[in-house]
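One letter stands for each residue in the lines below.
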Amino acid sequence: MVGIVVVSHSRALARAAVELAGQMLHGHGPKIAIAAGLDDSTLGTDAVQVKDAIEKVDAPDGVVVLLDLGSAVLSAELALDLLDDAVRERVVLSPAPLVEGLVAAVVTAAGGGTSAEVAAEAAGALAGKQAHLSDAAPGASDGARDDNAIRGSFVVGNAHGLHARPAARLVAQVRTHDARVQLTNLSTGAGPVPASSLSRVATLGARHGHEVEVSVTGSQAPEALDQILALAARQFDERDGQSPTPQTESAGPLAASPGIAIAPACRADARTPTIPDQEPGDVAARWRQLREAIAATRRDLARTRARVARETSENDAAIFDAHLMLLDDAELLTDARSRIDSGLGPARAWQEAVTRVEHEFGALDDAYLRGRAADVRAVGDQVLRHLLGLAGGLGSAAGILVAADLTPADAAELDAGLVRGIVLAFGSPTSHAAILATAKGIPMLVAAGAQALDIADGTRLVLDADTGALIVDPPEDTLGEYETRLAERARAQAVAHAAAAGPALTVDGTTIAINANIGSVDDAKAAADAHADGAGLVRTEFLFQARSEPPSVEEQETVYRAITDAFGGRRVVFRTLDAGGDKPLAFAPVEHEANPFLGVRGLRLSLRHRDLLLQQLRAICAVAEDAAVSVMFPMISTVDELGQAIAVVDEACSGRRPEGLRVGIMVEVPAVALKAAAFAPHVDFFSVGTNDLTQYALAAERGNPALAALADPLDPGVLRLIAELCRDAGTVPVSVCGEVAADPAAAALLIGLGVRSFSVAAPAVANVKQAVRAVDAASAADLAARALACASAGDVRALTIDG
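Residues numbered from 1 in each chain as written. Predicted model: local features only at pLDDT ≥ 70, side-chain atom pairs only at ≥ 80, totals over all residues. Heavy atoms only, no water.

## Observations regarding the overall build of the chain
(1) Moving on: Assigned secondary structure in the chain consists of 34 helices and 24 strands.
(2) Moving on: Across the 803 residues that make up the chain, the buried fraction comes to 54%.
(3) Moving on: A separation of at least 24 residues holds for 70% of the contacts in the chain among residues at least 6 apart in sequence.
(4) Moving on: For the chain, the computed accessible surface area is about 32100 Å², with 52% contributed by carbon and sulfur atoms. (Helix = DSSP H or I, 4+ residues; strand = E, 2+ residues; numbered from the N terminus. Buried < 20%, exposed > 50% of the residue type's maximum accessible area, 1.4 Å probe, protein only. Contact = heavy atoms within 4.5 Å. Areas by Shrake-Rupley, 256 points an atom, 1.4 Å probe, with all protein chains shown as cover.)

Here you go:
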């Protein structure tokens, strides 16, 4: 029996279509595999996923693949290239409509039809509906039935004309119909151009007030024309004020990593990779290489778009729609293919095709549309980097990096000796990229807005991540003020670093441990060099991420031992795997969750995968035989959970814990802070994760910059939770390992609440030690009492400044 594969951007849509088709059967049906979405909630298609689906249902009778639109076709074509020759010969890609075609295909396959018959029935599935509606639908013109063009026109109402965002919306609409649509700018005479090509639509130069003619042929011409004109009447769903306006200064960025930087802008998309003179492979192999690079770039962009939509807004995420459309642009791909056919390598052919489109944008009269050439270049360079194996290409970035967003992998690649600061158009101040930037000591601003992407490469910038200011091309007097501040800061840091090796003693002699948060062996060495008193938080998930299977006990033990060796006898706190939900692992999947921050993550995930936890604890216990080691469990909510975790510790240690091994928990859930007395008999220490504690206490997602001002760890409600914890912990020590611990202004307040240990990024160790030395513990207790009586985080911050 013929196998069937459904390729769709939406996993939910594909599942629903398969369910509908299944209801048409009255017995055994064909094998059906779904290759849809990048995950349950992220739209997109993946060639490797399509290839796997084809292989899953492959049969001697063949496989028929049905697709929705756009990149689904390209992904399916690329999947064919990835298949063995024998399998590829049995596969038919069907141009049929997805839902109607799938119903017809399933029924025909179940009846024993050949792959050709199944594909033919699927392709003809619209015939009945077309015949019915073309005869009965009011307003359907004879021209449409005769396949003659029907025409309409609209006046562009968007302030910036058909720039990238509305053009992308138009192209997406066109691609949903079985119709050929062409556009002509009646005001300038430009065109006609195919409306399915983003690059060609943009080069119409259709500005505000221009009249554009729409010419449509094909079986769905009437509805296509009606929907295009309706879309134009809605100004392509671009809300008032949504059109981007170039600005010279950010509208309100958020500080993510403290510090000041003065340097030229280094746009993440402005470093064109160098193309080799010789590119190996025959024509077919070269075309396959290009399509694989395009597919990889599409996956990157789709994930970035989904992240921005989740963390900022759908409006901000729409900026990536134009980038995705360019990857599906038939004109661009045809041009690149023809250049490969003429003998060029894939990188050279792609660069020349992209350069042609970029020059077309650059030749337009409208200044804003000319500026969109940068979007073309950004997408082009992403593909080139994949072609040339350069990944994100940020390792050589220097100056103040300007980007849409950064993944943790991007941030990890940055050289702190070259990158003076980071400005992100989107992102969150508590993202993992922000944590890594803090760990590297790189000042960082996030949520600066889409206008940040208009900053030209090389433009002089002042980045003030202490106050959340970004100044583009500053005047000389402003520049001088900041240079003075930088010099003063350098002198203060020199004093702090000179004293960093000594203990952090308050004025009245209270010892405060200043430990480091680390996420690698290199981090451990840097923290030890910075004279941290130990490691207060080792994020062990760095060993587990981006892998198809977990690390072995032996591998974990080797890495953990290298970390303890770096600290030379100082205590190291290993947090068990903190993953799941918002930080998924390929080998420990969880079902899709509407709110992963409240889902199966941290210890909850580890207890579901007990063997995974047991292996990690065996590695930690082995290291604890020879070093001062603590183990800490994340995302604890109940004493029962802790009891289960401790039982795994005892099993890992064969019932005999190493003498120096200590067990503690993260305090991230407000309920834990309020019932500390119930946990205290079972633990050796508490460690407050203020990032998560704040988001749960204030119902403000830590990854959402729109709520960043609300999600302030100095909110009196959060401080009261810490105060209650310190009071009820009794003799069990309390540490703070969240980002607020690195804020020197908060040192006195936390000490006054009862905190006796901080854990911060290595670059902050010296400054926090110096801040502690200026604190009088008795006065700090009075300061904390006054802070708890404040009404807002702003009032608390003012109190810390005034003392």
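## Concerning unusual backbone geometry
(1) Moving on: Despite not being glycine, S654 has its phi angle at roughly 55 degrees, a positive value.
(2) Moving on: Phi angles above zero are rare outside glycine, and A699 is one such case at about 50 degrees.
(3) Moving on: Mapping A699 onto the fold places it in the loop between α29 (690–698) and α30 (716–728).
(4) Moving on: On the basis of relative accessible area, A699 is assigned to the exposed category, the value being 66%.

## Details of the side chain of S215
(1) Moving on: By the element assignment, S215 lies in strand β8 (residues 211–217).
(2) Moving on: What makes S215 buried here is its relative accessible area of 13%.
(3) Moving on: Not counting the four nearest positions on each side in its chain, S215 is found in contact with A149, I150, R151, R180, V181 and Q182.

## Let's talk about the sheet that holds strand β2 (residues 32–36)
(1) Moving on: Taken together, 4 strands build an open sheet; the order of strands is β2-β1-β3-β4 and the sheet is parallel. Strands at the two margins of the open sheet, each flanked by one partner only, are β2 and β4 (91–94). Strand-to-strand twist across the sheet, computed as the mean angle between neighbouring axes with direction ignored, equals 20 degrees.
(2) Moving on: The pairing of strand β1 (residues 3–8) with β2 spans 5 bridges and is parallel. Paired with V7 across the bridge in β2 is A35.
(3) Moving on: Here helix α2 (residues 47–57) sits on the sheet in contact with β1, β2, β3 (63–67) and β4, set at roughly 175 degrees to β2.
(4) Moving on: Contacting β3 and β4, helix α6 (residues 115–123) runs over the sheet at an angle of about 5 degrees to β4. (Pairing = 2+ DSSP bridges. Axes fitted to C-alpha atoms, helices over the stretch in contact; angles between N-to-C directions.)

## A closer look at the pattern of salt bridges
(1) Moving on: Evaluation of the coordinates by the stated rule reveals 24 salt bridges.
(2) Moving on: Across the salt bridge formed by R561 and D626, the nearest N and O atoms sit 2.9 Å from each other. Of this pair, R561 sits in helix α23 (residues 553–567) while D626 sits in the loop between α25 (610–624) and β20 (629–633), placing them 65 residues apart in sequence.
(3) Moving on: Overall, R561 belongs to the partly exposed group, its relative accessible area being 25%. (Salt bridge = Lys/Arg side-chain N within 4 Å of Asp/Glu carboxyl O.)

## Comments concerning the sheet that holds strand β13 (residues 444–446)
(1) Moving on: Strands sit in the order β9-β13-β12-β11-β10-β14-β15 across an open sheet of 7 strands; the sheet is mixed. The open sheet is flanked by β9 (254–257) and β15 (469–472), the only strands paired with a single partner. Across the sheet, the mean angle from the axis of one strand to that of its neighbour is 30 degrees, orientation sign disregarded.
(2) Moving on: By the bridge criterion, 2 bridges tie strand β12 (residues 419–424) to β13 in an arrangement that is parallel.

## Re the environment of T510
(1) Moving on: Tracing the sequence through the fold places T510 in the loop between β16 (504–505) and β17 (511–518).
(2) Moving on: For T510, a relative accessible area of 22% translates into the label partly exposed.
(3) Moving on: Sequence spacing of T510 and V775 is 265 residues, and the spatial spacing of their C-alpha atoms is 9.5 Å.

## Some points on α25
(1) Moving on: With 15 residues, α25 extends 21 Å from end C-alpha to end C-alpha; this agrees with the ideal 21 Å at 1.5 Å per step.
(2) Moving on: Of all the positions in α25, only L612, L613, L614, Q616, L617, A619, I620, C621, V623 and A624 are classed as buried.
(3) Moving on: In this structure, the buried residues of α25 make contact with α23, β19 (572–575), α24 (603–608), β20 and α26 (639–652). (Expected span 1.5 Å × (residues − 1).)

## Re the nonpolar core
(1) Moving on: Counting residues in each nonpolar core, the largest one holds 104 residues, and the members touching the most others are F567, F633, F686 and F758.
(2) Moving on: By residue number, the principal contributor to this core is α25, which donates 9 residues.
(3) Moving on: V156, L162, V174 and A206 belong to the second largest nonpolar core, which has 26 residues in total. (Core = buried A, V, L, I, M, F, W, Y, C linked by side-chain atoms within 4.5 Å.)

## Some remarks on the confidence of the model for the chain
(1) Moving on: Looking at the chain as a whole, its pLDDT mean stands at 81, while 82% of the residues score no less than 70.
(2) Moving on: Across residues 134–146, confidence stays below pLDDT 50; counting only partners more than four residues off in sequence or on other chains, it has 9 contacts.
(3) Moving on: Note on residues 240–251: pLDDT is under 50 here. Beyond four places in sequence and across chains, it has 24 contacts. (pLDDT = per-residue confidence, 0-100.)

## Some words on the packing of α25 against α26
(1) Moving on: Running from N to C, α25 and α26 cross one another at 55 degrees; their axes reach a closest spacing of 8 Å. Taken together, the axes of α25 and α26 are oblique relative to one another. As α25 runs across α26, the sense of the crossing is right-handed. On α26, the residues that touch R610, L613, L614, L617, R618 and C621 of α25 are A645, A647, V648, V649, E651 and A652. (Parallel < 35°, antiparallel > 145°, perpendicular 65-115°, else oblique. Left-handed = near helix turned anticlockwise from the far one by under 90°.)

## Section: the pairing of β15
(1) Moving on: Bridge analysis of strand β14 (residues 460–464) against β15 gives 4 bridges, and the strand direction is antiparallel. Each residue of the ladder has a partner; that of L463, found in β15, is L470.
(2) Moving on: The antiparallel pairing of β14 with β15 creates a hairpin that spans 4 residues between the two strands, and G468 there sits at a positive phi of about 80 degrees.

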